[in-house]
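Chain by chain, the residues run as shown.
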Amino acid sequence: MDEKLQDIYDEVLERNPDEDVFHQAVSEVLGSLGPVVAKHPQYTDAAIIRRMCEPERQVIFRVPWIDDDGRVQVNRGFRVGFNSALGPYKGGLRFHPSVYLGTVKFLGFEQIFKNSLTGLPIGGGKGGSDFDPKGRSDAEVMRFCQAFMTELYRHIGEHTDVPAGDIGVGQREIGYLFGQYKKITNRFEAGTLTGKGLSWGGSRVRTEATGYGLAFFAQRVLEASNEGLDGKRVVVSGSGNVAIHAIEKVHQLGGTVVGCSDSGGYVVDEAGIDLELLKQVKLVDRGRMSDYADQRGSKVHHSDQGSVWEVACDIALPCATQNEVDADEAKALIDNGCQLVAEGANMPLTPAAVDAFAEAKVAYAPGKAANAGGVATSALEMQQNASRDTWTFEHTEQRLEEIMGNIHDRCLETAEEYGSPGDYVAGANIAGFIQVADAMLAQGVI
Ligand code: GLU
């Protein structure tokens, strides 16, 4: 790493102790910025990178709520507004027991560059809680969401900070959050939250957007070497909203997804994942991949040992969570002939896995480019809310496809300009960074 960047990174380590995933996200971005600071000293002179590594604001709050047995439960809530140079803070809420300040800062930091890449006017932020929705009744989830919003409402707003979903937060949770926001503020301010239901301000394609966008991006990467998803064997990790819609679009584009997973194991389905059954099991019944295997019958193999990355494939789409692919799993994928890894989750590859794919010359599309379709479509939802309009599915999907194509091309052009042709990581980090940095320079020392 360049000396100036190393100093900034050392300061990040010192000022943010015990936040490993945040350190990892910062290190990955700073690792790409060497040629940028060499060419544009104004960014380091004005402490732009140091400022970017420090959130504009961070809120941590108590979330007390009552469970179905009448007991008081206490969780911790977070919202980090990382950067508002390009627009209101924008980014999801994650409800998962592993969430702590470091998780929210890593995700918020990623979101700055991802949102910049979309070309739409959104800053970067993120939030969440260590609440575990798994095994909780609808009524418990509702009471938790209401308690969470009872504090969060004063920090958000359509021009300030616009939360959405992430792991553990889907349309059900957004509904409860929006209802409470509306009740407290006495305003139907649709543009304050995205991922809403269609009849109350939601956008068509928002549910599908991250997964569809990922498949569009993978398609563009393959097209750059005169190939496509048609006929490809694909493995996806996860089986949530991102995974399901990535599978759907890969199938529409002619590929076959032969494996996917959840925290209890993975399935291999050589005939191609049965999407209707997967949607029923995961979205309606909130069941497990083992239930999918039971209902699909003898054609399908379910394993609760090892990982889905042992399944041979041409294309790997990690869509579960951070650091889910380590060096050994990368090696298994490489040995089995994988030619492209595109990230649907945020930071699913460990640094050692990233290095392994680079060394093996496997194409690699980082999440901040490849999974930007979700937040991009959130920005389209904000546009529809601001104009009190609704768009058709076709129009919205076409916008999404264009945005993913633009991100792809910008990554390649920027990588070329800064001396790393074909490197999507360098392209995404540098292109995302420069746009935010220039806006910060223009706005003074704030
Ligand atoms: N959580 C998603 C992401 O990681 C989407 C955020 C949003 O729509 O604001 O980008």
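### Brief notes about the packing of helix H17 (residues 393–417) against helix H18 (residues 424–442)
Between H17 and H18, the least distance of the axes is 7 Å, while the angle of their chain directions is 95 degrees. Between H17 and H18, the angle falls in the class roughly perpendicular. Contacts between H17 and H18 involve His408, Arg410, Cys411, Leu412, Thr414 and Ala415 on the former and, on the latter, Tyr424, Gly427, Ala428, Ile430, Ala431 and Gln435.

### Comments concerning a negative patch on the surface
A grouping of Asp2, Glu3, Asp7, Asp10 and Glu14 is seen on the molecular surface, where their side chains present a negatively charged patch. Examined against the element boundaries, Glu3 turns out to sit in helix H1 (residues 3–15).

### Looking at the sheet that holds strand S4 (residues 124–129)
Hydrogen bonds between backbone atoms are what pair the strands of a sheet, whose relative direction is either parallel or antiparallel. Read from one edge of the open sheet, 5 strands run S1-S2-S4-S3-S5, paired in mixed fashion. If you trace the sheet from one side to the other, it starts and ends with strand S1 (57–66) and strand S5 (161–165), each paired once. Pairwise comparison of adjacent strand axes, ignoring direction, gives a mean angle of 20 degrees for this sheet. Bridge count between strand S3 (residues 89–95) and S5: 5 bridges; the pairing is parallel. Across the sheet, the residue bridging to Leu93 is Gly165, located in S5. Each of S1, strand S2 (72–83), S3, S4 and S5 is contacted by helix H7 (residues 138–152), which is oriented at about 140 degrees to S1, the strand it contacts most.

### Brief notes about the pattern of salt bridges
Across all of its chains, the model carries 29 salt bridges by this definition. Three or more residues are tied together by salt bridges with common partners; here these are Glu28, Glu110 and Lys368.

### Looking at the confidence of the model for the protein
When pLDDT is averaged across the protein, the result is 98; 100% of the residues are at 70 or more. Considering each helix and strand of the protein separately, the mean pLDDT is smallest for helix H4 (residues 42–45), with a value of 94, and largest for S5, with 99.

### Some thoughts on the site of the ligand
Near the ligand there are 14 residues, and of these Lys90, Lys114, Gly165, Asp166 and Ser378 occur at the shortest range. Within the side chain of Lys90, a nitrogen or oxygen atom sits 2.7 Å from an oxygen atom of the ligand. The separation between an oxygen atom of the ligand and a polar side-chain atom of Lys114 is 2.8 Å. Contact with the protein chains removes 94% of the 300 Å² of surface that the ligand exposes when unbound. Residue assignment for the shell around the ligand shows that the elements contributing at least two residues are S3, helix H6 (101–117), S5 and helix H16 (373–386).

### Section: the pairing of strand S10 (residues 315–318)
Taking every second residue as pointing to the same face, both faces of S10 are buried, with Ile315 and Leu317 on one and Ala316 and Pro318 on the other. In the sheet, strand S6 (residues 233–237) pairs with S10 via 4 bridges, with the strands oriented parallel. Paired with Val236 across the strands is Leu317, a residue of S10. In this structure, S10 lies alongside strand S11 (residues 340–342), joined through 2 bridges in parallel fashion.

What counts and what doesn't
Residues numbered from 1 in each chain as written. Predicted model: local features only at pLDDT ≥ 70, side-chain atom pairs only at ≥ 80, totals over all residues. Heavy atoms only, no water. Axes fitted to C-alpha atoms, helices over the stretch in contact; angles between N-to-C directions. Helix = DSSP H or I, 4+ residues; strand = E, 2+ residues; numbered from the N terminus. Parallel < 35°, antiparallel > 145°, perpendicular 65-115°, else oblique. Contact = heavy atoms within 4.5 Å. Patch = residues over 30% accessible without salt bridge, like charges linked within 9 Å, V, L, I, M, F, W, Y side chains within 5 Å. Areas by Shrake-Rupley, 256 points an atom, 1.4 Å probe, with all protein chains shown as cover. Salt bridge = Lys/Arg side-chain N within 4 Å of Asp/Glu carboxyl O. Lys, Arg positive; Asp, Glu negative; His and termini not counted. Charge placed at Lys NZ, Arg CZ, Asp CG, Glu CD. Pairing = 2+ DSSP bridges. pLDDT = per-residue confidence, 0-100. Near = heavy atom within 4 Å. Polar contact = N/O pair within 3.5 Å; in protein donor to acceptor, adjacent residues only side chain to side chain. Buried < 20%, exposed > 50% of the residue type's maximum accessible area, 1.4 Å probe, protein only.

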